[in-house]
Amino acid sequence: MLKQLRGHKIRLGIKTAVMAVGLAGALHAMPAYADSVHTAKDGDTFFFLAKQYGVNLDKLMQANPSIQATNIYEGLKITIPGGSVQALSAPAHDAEALSTLKVFSSDRVVQAWGKTFNYKSTVDVKATAYSAAASENGKWGAVDYYGNPLKLGTIAVDPNVIPMGTKVLVTGHDHPDLPNNAFVATATDQGSAIKGQRIDIFIPASPQKVSQFGFQDVKLYVLD
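Now for a look at the structure at hand. The residue count restarts for each chain, going from 1 along the sequence in the order it is written. It should be noted that, the model being predicted, local features are given only for residues of pLDDT at least 70 and side-chain atom pairs only at 80 or more, the latter also being counted only at that level, while totals for whole chains, interfaces and linings use all residues. Side-chain measures here rest on the full set of heavy atoms in the structure, leaving out hydrogens and waters.

**Notes on the pairing of strand 8 (residues 182-189)**
Exposure is judged per residue with a 1.4 Å probe applied to protein chains only, and the accessible area is read against the type maximum: over 50% gives exposed, under 20% gives buried, and values in between give partly exposed. Numbering of helices and strands runs from the N terminus, with a helix taken as a DSSP run of H or I at least four residues long and a strand as a DSSP run of E at least two residues long. Taking burial as the measure, the eight residues of strand 8 include seven buried ones, the bulk of the element. Pairing of strand 6 (residues 154-157) with strand 8, which is carried by three bridges, proceeds in the parallel orientation. From the neighbouring strand, Thr154 faces strand 8, where its bridge partner is Thr186. The pairing of strand 7 (residues 167-171) with strand 8 spans five bridges and is antiparallel. Note that in strand 8 the partner of Thr171 across the bridge is Ala182. Paired strands are those between which DSSP finds at least two bridges.

Take a look at the structure:
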């Protein structure tokens, strides 16, 4: 009886091992569809990345709810849902074309990052920049005028010149932690030093890096 039981255990062990090997082989043969992370480059857009990785555009945007489609900048981490880790190669000239700023003043249209914006006016302003450091935000902390967390796309304005809530396309700036050529911003903050033709741009970087911005002349396209 003991011998028969041992024989049964041996056969069962062999059968289990064979099943395990077969299962491992099947799993190995299945393609991997785990989420991957893409580090954004100049010219990247959700539409461009959806084509590059072969994923659904809506799913790509849903996987990155905190990222505004108009504010994809170099170095940003973007989740690619259920996509292959290896992306399809994209011609360099495509990214170059997407990053070009084009203005059609007669039609009041501006194109940036492969998107078209209608604008109703332009404003030339002197721009400075600020970080989330406590020393720059006083007792209120790293929030805008409405109490929302500071983020890329937040600008402080003089509401007598640019009404609060106004959405603009910022152009003419130069800083490694801001999108090249243009980015969409909303006037949701104010500052005691921001008077007249002035704006203060929030940059999500260290105070040391933000200070490199200095004073810059930028053009705002007030969007419809």
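Continuing now.
**Things to note about the pairing of strand 10 (residues 216-223)**
Burial runs high along strand 10: six of the eight residues are buried. Summarising the sheet, strand 5 (residues 115-130) and strand 10 pair through eight bridges and their orientation is antiparallel. Along strand 10, the bridge assignment pairs Val125 with Val218. The pairing of strand 7 with strand 10 spans four bridges and is classified as antiparallel. Bridging across to strand 10, Thr171 finds its partner in Lys219.

**Some points on unusual backbone geometry**
Positive phi values are uncommon outside glycine, yet Arg108 reaches one of about 55°. Note on Arg108: relative accessible area 42%, which makes it partly exposed. For Asn181, which is not glycine, the phi torsion reads 70° and is therefore positive. Owing to a relative accessible area of 35%, Asn181 belongs among the partly exposed residues under this scheme.

**With respect to the pattern of salt bridges**
Here, a salt bridge means any Lys or Arg side-chain nitrogen found within 4 Å of an Asp or Glu carboxyl oxygen. Throughout the structure, instances matching the rule amount to three salt bridges. Residue Asp124 pairs with Lys219 through a salt bridge whose shortest N-O separation is 3.0 Å. With Asp124 in strand 5 and Lys219 in strand 10, the pair connects residues that are 95 residues apart, well separated along the chain. Accessibility expressed as a relative area gives 48% for Asp124, which makes it partly exposed. Lys126 is paired through a salt bridge with Asp217; the nearest N and O atoms lie 2.9 Å apart. Taken together, the residues Lys126 in strand 5 and Asp217 in strand 10 connect sequence positions 91 residues apart. Residue class for Lys126 comes out partly exposed when judged on its relative accessible area of 32%. A relative accessible area of 57% places Asp217 in the exposed class.

**Focus: the environment of Val37**
Checked against the element boundaries, Val37 lands in strand 1 (residues 36-39). In this structure Val37 comes out as exposed when scored by relative accessible area, which is 58%. Placed 41 residues apart in sequence, Val37 and Ile78 show a C-alpha to C-alpha distance of 5.5 Å. Residues count as neighbours in contact if any of their non-hydrogen atoms are within 4.5 Å of one another. Those residues in contact with Val37 that sit more than four places away from it in its chain are Lys77 and Ile78.

**Digging into the nonpolar core**
A general feature of soluble globular proteins is that nonpolar side chains tend to end up buried together. Buried Ala, Val, Leu, Ile, Met, Phe, Trp, Tyr and Cys residues that are joined via side-chain atoms within 4.5 Å together make up what is termed a nonpolar core. Core analysis: the largest hydrophobic core is formed by 35 residues, its most contacted members being Leu60, Ile78, Ile199, Ile201 and Leu220. Counting residues per element, the ones that place at least two in this core are helix 2 (46-53), strand 2 (77-80), strand 5, strand 6, strand 7, strand 8, strand 9 (198-202) and strand 10. Those residues in contact with Leu220, other than ones at most four positions away along the chain, are Ser121, Thr122, Val123, Val125, Ile162, Val168, Leu169, Val170 and Ile199. Listed in part, the 10 residues of the second largest apolar core include Val110, Ala112, Trp113 and Val184.

**Observations regarding the packing of aromatic side chains**
Each aromatic pair joins two rings of Phe, Tyr and Trp (for Trp, the six-membered one) with centres within 6.5 Å, and gets the label stacked for planes under 30 degrees apart, edge-to-face for over 60, and tilted for any other angle. Counting across every chain of the model gives three aromatic pairs. Centre to centre, the rings of Tyr119 and Tyr221 are 5.0 Å apart; their planes meet at 80°, and the pair counts as edge-to-face. You can see Tyr119 sitting in strand 5 and its partner Tyr221 sitting in strand 10, a full 102 residues away along the chain. Note on accessibility: Tyr119 and Tyr221 belong to one class, buried. Where Tyr130 meets Phe202, the ring centres are 5.8 Å apart and the plane angle is 65°; that geometry is what we call edge-to-face. With Tyr130 in strand 5 and Phe202 in strand 9, the pair connects residues that are 72 residues apart, well separated along the chain. Look at Tyr130 and you get buried, because its relative accessible area is 5%.

From the geometry alone we can't say anything about function, so treat these as descriptive.
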